[in-house]
Amino acid sequence: MSRGDEIIARALEELGIEFITGHPGSPVTRVAEILMERGLNAEWAVNELSAIETALGASFAGIRSAVVIKHVGMNHIVDPIMCANLTGVNSALLIIVGDDPGATRSQNEQDSRVLASFMELPVLEPSSHERAPEVLKSALTLSEDLRLPVVVRFTADFCYTEGKYHEIKKPEKNLLRERKKWISTMENVEGNHRKLHEKLKVISKIFDEWLRLPDEGEEVILASGFVASKVREKNLIALETIYPLPSTLPEKLAKFKKILVLEEVEAFVERHLRSEMHLRGISSQVFGKETGNVKLGRLTEEDVKRTIEAFRRGEMPKYPEEIRKPSGLCEQCPYEDVAEAILKVAGERKIFIAGDSGCSVRLRAPPYELLDVKLNMGSSAGIARGFSLKEEKTIAIMGDSAFFHSGIYGILDASLNDSNVLLVIVDNEAAAMSGFQKTPNVRGVSIEELLRALGVKRVSTSEEKEELEKIFEESLGRRGFDILVYHRRCPEDKYK
Ligand code: SF4
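Residues numbered from 1 in each chain as written. Predicted model: local features only at pLDDT ≥ 70, side-chain atom pairs only at ≥ 80, totals over all residues.

Trainee: I'd like to hear about the overall build of the protein chain, residue by residue, with values.
Mentor: The helix and strand tally for the protein chain stands at 16 helices and 17 strands. For the protein chain, whose C-alpha radius of gyration is 25 Å, the value lies close to the compact-globule estimate of 23 Å for 496 residues. By principal-axis analysis of the C-alpha atoms, the protein chain measures approximately 75 × 60 × 45 Å. The 496 residues of the protein chain split such that 49% are buried. For the protein chain, long-range pairs separated by at least 24 residues make up 76% of all intrachain contacts whose partners lie at least 6 apart in sequence. (Helix = DSSP H or I, 4+ residues; strand = E, 2+ residues; numbered from the N terminus. Rg over C-alpha atoms; globule rule 2.2 N^0.38 Å. Buried ≥ 20, exposed ≤ 12 C-beta atoms within 10 Å, placed from the backbone. Contact = placed C-beta atoms within 7 Å.)

Right, here's the structure in full:
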């Protein structure tokens, strides 16, 4: 038995993926790390945008590539993909995305199927661990046959639970014979966009071959992706071809009076299916999240059981409420020094404080409960800058990982406008929260030098917690943009 993330990594290796890049983030962090440990050409990019651009270049060069990102990383790849879906690619390009229904380790639970369909890319999701290698193989073939990046979605439940590995053979490479120009510009956009729609029609016909339907019954359960592995019923359709839907799916489902769609997070399949059935005049009823028969977000095995039982009784399901507590900082954490110094200097004053992705988010938990806001990675400087327009000095706190990922842009604007912000960059020399991956500063890039190159005039540096109070006092006592880079590692046993 192997864990889901190990199964993905092994399949990518067996398929002969020659270049793997991405950005660490649960639930798929281990996928790339296993491949790094096994000596494959795998790396972490500073962010997902850089990862997808490099992988696109590699694919154009004939190198089979994969990008490994979590669901929020999908937001960063939209820009280049909205051109690459028109120009097409050369060698296979797989986008391995880890979704987190229930947001057990993330700031949201966005559903990658929605964004992938917006990008007009095919989406596959294996229905079990055993099926995953075969689904990845089909994704690779599809990518090279249709010259499109293909999204393969995995959920946290898939990645963190175990199943059997099913061996696969590496398909022959299907390279373009002539090197073509991958240029997306006004003279070819309309034509390429029409061709993309034609490709999606071809794909929906290819997906027809995957359909397996039960023979009998008036009701059927249609489960999208890995949810199928949680259903203990015979009248089940395990749908692995998520977007576009198989072209004949509505007609094939017409023999059932009621269809219950089980999926995690959004009502994605349910919505598409209902609309297609309506367009084709099919009167079967489709039930799911939009009809209140299935809850939004994650579906555990227990949720699936409750949902089906309630559906059979003609009732709406009731789910037990889950109470979660935020996790706080470890002992001897560098953020603890920052929090204590801020609280001392602020006294009774209420200062607006923006946190960021990474361990700074733990400052929201007791005993500090310091944060007013925390959204996406790298956002704290920009948000603090916006709030400071209210004529108050604000504070932003980010780690070195968020700084390199995308924090730099907000800092550049704050610097250009001499915004009334104190930014604290905690440099613990790692992306601590996602597993202590090395950040660029460990590889010789100086945060201070970068900040000065960005035009920031007041940059101070400290390695001593005793100095923080004085630095904060001075900064909060004057207008303008100040940055403190606090260099302090986490307890040594946390580093690999
Ligand atoms: S991993 Fe490091 S930065 Fe994160 S909470 Fe623990 S000590 Fe603090």
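Trainee: Describe the nonpolar core, listing the residues and the values that go with them.
Mentor: Core analysis: the largest hydrophobic core is formed by 90 residues, its most contacted members being Leu12, Leu94, Ile96, Val152 and Leu262. Both domain 1 (2-208) and domain 2 (212-313) contribute no fewer than three residues apiece to this core. In this structure Val152 touches Leu94, Ile96, Leu124, Glu125, Val135, Leu136 and Ala139, once residues within four positions along its chain are discounted. Judged by nonpolar contacts, the second largest core, of 50 residues, contains Val345, Leu363, Leu370 and Met398. (Core = buried A, V, L, I, M, F, W, Y, C linked by C-beta atoms within 7 Å. Domains from an automatic or database assignment.)

Trainee: Quick one: what's the story with the sheet that holds strand 17 (residues 482-487), residue by residue and with numbers?
Mentor: Taking strand neighbours across the sheet as the criterion, the 5 strands line up as 13-14-15-17-16 in an open arrangement whose pairing is parallel. In this open sheet, the two strands that pair with only one neighbour each are strand 13 (353-354) and strand 16 (458-462). Taken together, the 2 bridges between strand 13 and strand 14 (residues 394-399) define a ladder with parallel strand orientation. Across the sheet, the residue bridging to Ile353 is Ile395, located in strand 14. Lying over the sheet, helix 12 (residues 334-346) contacts strand 14, strand 15 (421-427) and strand 17, oriented at roughly 155 degrees with respect to strand 15. The strands touched by helix 14 (residues 400-416) within the sheet are strand 14 and strand 15, with strand 14 carrying the most contacts at an inclination of about 150 degrees. (Pairing = 2+ DSSP bridges. Axes fitted to C-alpha atoms, helices over the stretch in contact; angles between N-to-C directions.)

Trainee: I'd like a rundown of the packing of helix 1 (residues 4-14) against helix 6 (residues 132-146), residues and numbers included.
Mentor: As a packed pair, helix 1 and helix 6 sit with axes 9 Å apart at the nearest point and diverge in direction by 45 degrees. The angle between helix 1 and helix 6 falls in the class oblique. Handedness of the helix 1/helix 6 crossing: right-handed. Residue-level contacts link Ile7, Ile8, Ala11 and Leu12 of helix 1 to Ala132, Pro133 and Leu136 of helix 6. Taken together, the residues that form the contact of helix 1 with helix 6 break down as 7 nonpolar, no polar and no charged. (Parallel < 35°, antiparallel > 145°, perpendicular 65-115°, else oblique. Left-handed = near helix turned anticlockwise from the far one by under 90°. Nonpolar A, V, L, I, M, F, W, Y, C, P; charged D, E, K, R; others polar.)

Trainee: Which residues make up the domain arrangement of the protein chain, and what are the values?
Mentor: Looking at the assigned domains, one finds that the protein chain contains domain 1 (2-208), domain 2 (212-313) and domain 3 (334-494). Listed by partner, the interface residues are 28 residues for domain 1 and 21 residues for domain 2. When grouped by side-chain class, the residues that make up the side of domain 1 that touches domain 2 number 12 nonpolar, 6 polar and 10 charged.

Trainee: Help me get a handle on the site of the ligand, residues and values and all.
Mentor: Taken together, Leu329, Cys330, Cys333, Pro334, Tyr335, Cys359, Arg362, Asn428, Ala432, Cys490 and Lys494 form the complete shell of residues around the ligand. Considering only residue class, the shell around the ligand consists of 8 nonpolar, 1 polar and 2 charged. (Near = placed C-beta within 6 Å.)

Trainee: Pulling in residues and values, what's your account of the environment of Ile20?
Mentor: Inspection of the secondary structure puts Ile20 in strand 2 (residues 19-22). What makes Ile20 buried here is the crowd of 28 C-beta atoms within 10 Å. Distance in space between the C-alpha atoms of Ile20 and Pro171 is 18 Å, their sequence separation being 151 residues.

Trainee: Requested: an account of unusual backbone geometry, with residues and values cited.
Mentor: Between Ser26 and Pro27 the backbone carries a cis peptide bond, its omega angle lying at 15 degrees. Take Pro27: it is sitting in the loop between strand 2 and helix 2 (29-37). Of note in the backbone geometry, Ala103 takes a positive phi value of approximately 45 degrees without being a glycine. Along the chain, Ala103 falls in the loop between strand 4 (93-99) and helix 5 (112-118). Although it is not a glycine, Glu391 adopts a positive phi angle of roughly 75 degrees. Along the chain, the position of Glu391 falls in the loop between helix 13 (380-388) and strand 14. When the 7 C-beta atoms within 10 Å are taken as the criterion, Glu391 is described as exposed.

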